[in-house]
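# Structural description and commentary
Now for the letters of each chain:
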Protein chains: 2
Amino acid sequence: MTTIKDIAKLANVSPSTVSRVISGNSRISLSTQNKIKKIMTELDYQPNKAARTLVTQKSKTIGIIHKNGEFTTLQNPFIIDVLSGVFLVCKINGYGTIATTATDPIDIISEVKEMIFYHSVDGFILLYSKENDEIINILEKQSIPYVVIGKPIHAQNTVSVDNDNITASAQLTQYLIELGHIDFLFIAESERFEVVKDRVKGHEDTLKNAQLIPHVVYLQMNQAVIFEYLKQLHYEHRLPTIIITSDTMINHMVLSTLYELSLHIPKDIQTATFNDSYINAFASPPQTTVDIHPQLLGETAGKAIMQLLNQEQIEQVNHIIQTDIITRTSTQRL
Amino acid sequence: MTTIKDIAKLANVSPSTVSRVISGNSRISLSTQNKIKKIMTELDYQPNKAARTLVTQKSKTIGIIHKNGEFTTLQNPFIIDVLSGVFLVCKINGYGTIATTATDPIDIISEVKEMIFYHSVDGFILLYSKENDEIINILEKQSIPYVVIGKPIHAQNTVSVDNDNITASAQLTQYLIELGHIDFLFIAESERFEVVKDRVKGHEDTLKNAQLIPHVVYLQMNQAVIFEYLKQLHYEHRLPTIIITSDTMINHMVLSTLYELSLHIPKDIQTATFNDSYINAFASPPQTTVDIHPQLLGETAGKAIMQLLNQEQIEQVNHIIQTDIITRTSTQRL
């Protein structure tokens, strides 16, 4: 088998020069690079990933840290779209990915510690943002490169990729006010997450500006809980004219409940939600949504972690991805 | 930095013995293993993944090959559940994963060839099974270990993990006959895939045995196509009493269409589908499904590829995972 030493001998350079060319070090002169590459081609030398890794002291792998929670979080189409963006950029750059698999916060921390201990990743992408996050503390202490998909509430200079969720929520709410809605219900999952806080804030501010009274409830992402809550409102004749949900999954459960209560959308009640996906597009009925462009979030996070790992100059610390309101049959003029 | 040579010297063994202990070779005597591990602990030696890889000539990475198709294939909850099973087993065994990202067949083949060329994976898991698959041909020619999630129609001794889709479909159809249905419509996606062929076969055989006439159509997984098809049947008063779909995604589109046509489930028409997930469980209304235990499919495929890589004796070539019918409000006695 051809080795780096064989190539070095033929090229009349040191083995470390060959290593540097394999690892993509651009400080080697172009003529030397070309000479070495020509010999590698002639000898059919395939620099295997492990050799390259050992040379560069890099695992060429990005760790992906999931938000903790129910098993359904992983099935959330938002996450899949984000991941497909991350995968694409990693693949182009010759990186693999490895993701946390635990749902319990303590177990996720162990997984991350293990990845760091075994040098099995070069950097991390966090798929969430929350205050006082122990994982962020660990990464900061050990100076491990990471990018947060979510609001930058952590150390200064934390690189983050996010939507402007306050503005997106304000725009959706304003659109619904213009349709004639005055009686709103906003159903949100746990207020621990920054994205939920911002969506609630944009909604509340817009309603208050319009002299309307916001009604926000935080419900567990659990079909029985959502069913009981809406059934009670229905029996007390206190249902609003529009239900906004903070996420596709809650919206899906709300639609199922309204179907069971024989309430027709948009005739009897209307609905709108955040995080556009095929689930909303082909729902019963198709839903008005805020498209947060999750694949673009993922691609941007992927590019940002590559910049950090290549120690390129970081021109932008907080990336903001645009949002768009997609109107479908679940909302109409009252 | 501590090296393998330092440890070998202190343990009074050869460096290759240390390497073998690091790579988990069990032929080294337990006392030697313990001696080396004790020294590694004392010197705080962390065998990094790249070093271990170079020693073992393995990348410790499994390649995952997606079925080609629309972007929505990746968002299919079935795939996510399968992957979570695969990830779990890989992680436990110290393996990472890398997945194809292309949707075009030609591009997927390029991705797979690249992974093989750069030795960036040790083996593959294919998330589909179809006849005359070029990827299978490549893997067979190059003797690369792989496991197929789907029907074993390839080379002899191909390790596969699958459900018994013929029996599962027969059981679902029999259950629906017992509810009083005699007028069935089975909507399936492309007949190129083995899983679809088997589900159609189990359905047709059961209906024929009951002296009933099967009605199977293959439709693109496209909301407009499905809408036009069902609208036409509706206007011609030719809708069946039950629509079975071969997959969650088609079911989701059928429900959206029935909602738009103001047809109530289960009052006006009934529905049932394969591949149970939260999408069916919280649909409008909750769907009767066949649970194919996708996470268990993934875990079993993960364990099988580990056995192949560890060159353990393969006791079982074709693994069959059980299926269960879950009855919900979308079906009831006629």
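Anything mentioned here points back to the structure above.
Attention in this report is confined to the structure presented alongside it. From a predicted model like this one, the values you see are computed outputs, not experimental measurements.

Right, let's talk about the state of the cysteines for a bit. A complete count under the given rule lists 0 disulfides over all chains for this structure. C90(B) supplies the cysteine sulfur nearest to C90(A), a cysteine that is in no disulfide, at a spacing of 17 Å. Given the relative accessible area of 1%, C90(A) is considered buried.

Residues and elements named next belong to chain B. Within the secondary structure layout, N137 lies in helix α8 (residues 134-141). The exposure class assigned to N137 is partly exposed, which follows from its relative accessible area of 42%. C-alpha separation for the pair N137 and H237, spaced 100 residues apart in sequence, amounts to 48 Å.

Where charged atoms from two side chains of opposite charge come close, those side chains can pair. All told, the structure shown has 18 salt bridges over all chains when counted by the stated rule. Linking K197(B) and E194(B) is a salt bridge whose minimum nitrogen-to-oxygen distance equals 3.1 Å. Remark: E194(B) and K197(B) occur in helix α10 (residues 194-209); sequence separation between them is 3 residues, near one turn of the helix. Of the charged contacts in the structure, one is a salt bridge between K231(B) and E228(B), with a shortest N-O distance of 3.6 Å. With K231(B) and E228(B) both in helix α11 (residues 223-235) and 3 residues apart, this pair spans about one turn of that helix. Each of E131(A), E194(A) and K197(A) takes part in salt bridges that share partners, so that together they form one network.

Right, let's talk about the nonpolar core for a bit. The biggest cluster of nonpolar side chains holds 62 residues, and the ones touching the most others in it are F124(B), L126(B), I135(B) and L139(B). Examining the composition of this core, we find that 7 residues originate from one element, helix α6 (residues 77-92) of chain B, more than from any other. Contacts of L126(B), omitting those with residues within four sequence positions, involve I65(B), D133(B), I135(B), I136(B), L139(B), Y146(B), V147(B), V148(B) and I149(B). Counting 61 residues, the second-largest nonpolar core is a separate cluster that includes I144(A), F193(A), V200(A) and F274(A).

What follows covers the pairing of strand β2 (residues 96-99) of chain A. All names here are of chain A. Of the two faces of β2, the one holding G96 and I98 and the one holding T97 and A99 are both buried throughout. Pairing of strand β1 (residues 61-65) with β2, which is carried by 4 bridges, proceeds in the parallel orientation. Opposite I62, over in β2, you have T97 as the bridge partner.

Attention now goes to the packing of aromatic side chains. Inspection of the entire model under this criterion finds 3 aromatic pairs over all chains. Each ring, one from F186(A) and one from F274(A), has its centre 6.4 Å from the other, and the planes form 45°; the classification is tilted. Of this pair, F186(A) sits in strand β6 (residues 184-188) while F274(A) is found in strand β9 (residues 270-274), placing the two residues 88 residues apart along the sequence. Given the relative accessible area of 0%, F274(A) is considered buried. Ring plane angle 40° and centroid distance 6.1 Å describe the contact between Y259(A) and Y259(B), whose orientation is recorded as tilted. Taken together, the residues Y259(A) in helix α12 (residues 248-260) and Y259(B) in helix α12 (residues 248-260) connect one chain to another. Assigned by exposure class, Y259(A) and Y259(B) land together as buried.

A few words on the packing of helix α1 (residues 4-11) of chain B against helix α2 (residues 15-22) of chain B. A pair of packed helices is captured by two measures, namely the crossing angle of their axes and the spacing between those axes. All names here are of chain B. Viewed as axis vectors pointing N to C, α1 and α2 meet at an angle of 110°, and their least axial separation amounts to 8 Å. When the axes of α1 and α2 are compared, the pair comes out roughly perpendicular. Facing I4, K5, I7 and A8 of α1, the residues of α2 in contact are P15, V18, S19 and I22. The residue inventory of the contact of α1 with α2, partitioned by class, reads 6 nonpolar, 1 polar and 1 charged.

Time to look at the side chain of D247(B). Residues and elements named next belong to chain B. Here D247 lies in the loop between β8 (242-245) and α12. One buried charge, D247, has no salt-bridge partner; the nearest side chain with opposite charge is R199, at 5.3 Å. Among the polar contacts listed, one links the side chain of D247 to the side chain of N275, at a separation of 3.4 Å. Those residues in contact with D247, other than ones at most four positions away along the chain, are N76, E189, M221, T273, F274 and N275.

Conventions adopted
Note that residues are indexed from 1 along each chain, following the sequence as it is written. Just so you know, chain letters begin at A and ligand numbers begin at 1, following the order they were written in. In view of the model being predicted, local features appear only for residues whose pLDDT reaches at least 70, and side-chain atom pairs are presented and counted only at 80 or more, with totals across whole chains, interfaces and linings using the full set of residues. With hydrogens and water set aside, each side-chain value is computed from the structure's full complement of heavy atoms. Criterion for a disulfide: a pair of cysteine sulfur atoms within 2.5 Å. Residue exposure (1.4 Å probe, protein chains only): buried if accessible area is under 20% of the type maximum, exposed if over 50%, otherwise partly exposed. A helix here means a DSSP run of H or I that spans at least four residues, while a strand means a run of E at least two residues long, and both kinds are numbered starting from the N terminus. Each salt bridge in this description consists of a side-chain nitrogen of Lys or Arg and a carboxyl oxygen of Asp or Glu lying within 4 Å of one another. Buried Ala, Val, Leu, Ile, Met, Phe, Trp, Tyr and Cys residues that are joined via side-chain atoms within 4.5 Å together make up what is termed a nonpolar core. When checking whether two residues touch, look at their non-hydrogen atoms; a contact exists if any pair is within 4.5 Å. Strands qualify as paired when DSSP identifies two bridges or more between them. Geometry of aromatic contacts follows a simple scheme: Phe, Tyr and Trp rings, the Trp one being its six-membered ring, pair when their centres are within 6.5 Å, and the pair is stacked under 30 degrees between planes, edge-to-face over 60, tilted otherwise. Helix axes are fitted only over the stretch in contact, all axes being lines through C-alpha atoms; the angle between N-to-C directions runs from 0 to 180 degrees. Under this scheme an angle from 65 to 115 degrees is roughly perpendicular, one under 35 degrees roughly parallel, and one over 145 degrees roughly antiparallel; angles in between are oblique. Here the term charged refers only to Asp, Glu, Lys and Arg, the term nonpolar to Ala, Val, Leu, Ile, Met, Phe, Trp, Tyr, Cys and Pro, and the term polar to all other amino acids, Gly among them. His residues and chain termini do not enter the charge count, which takes Lys and Arg as positive and Asp and Glu as negative. We define a polar contact as two N or O atoms separated by no more than 3.5 Å, with the added condition that, inside protein, one atom must be a possible hydrogen donor and the other a possible acceptor, whereas residues neighbouring each other in sequence contribute only through side-chain atom pairs.

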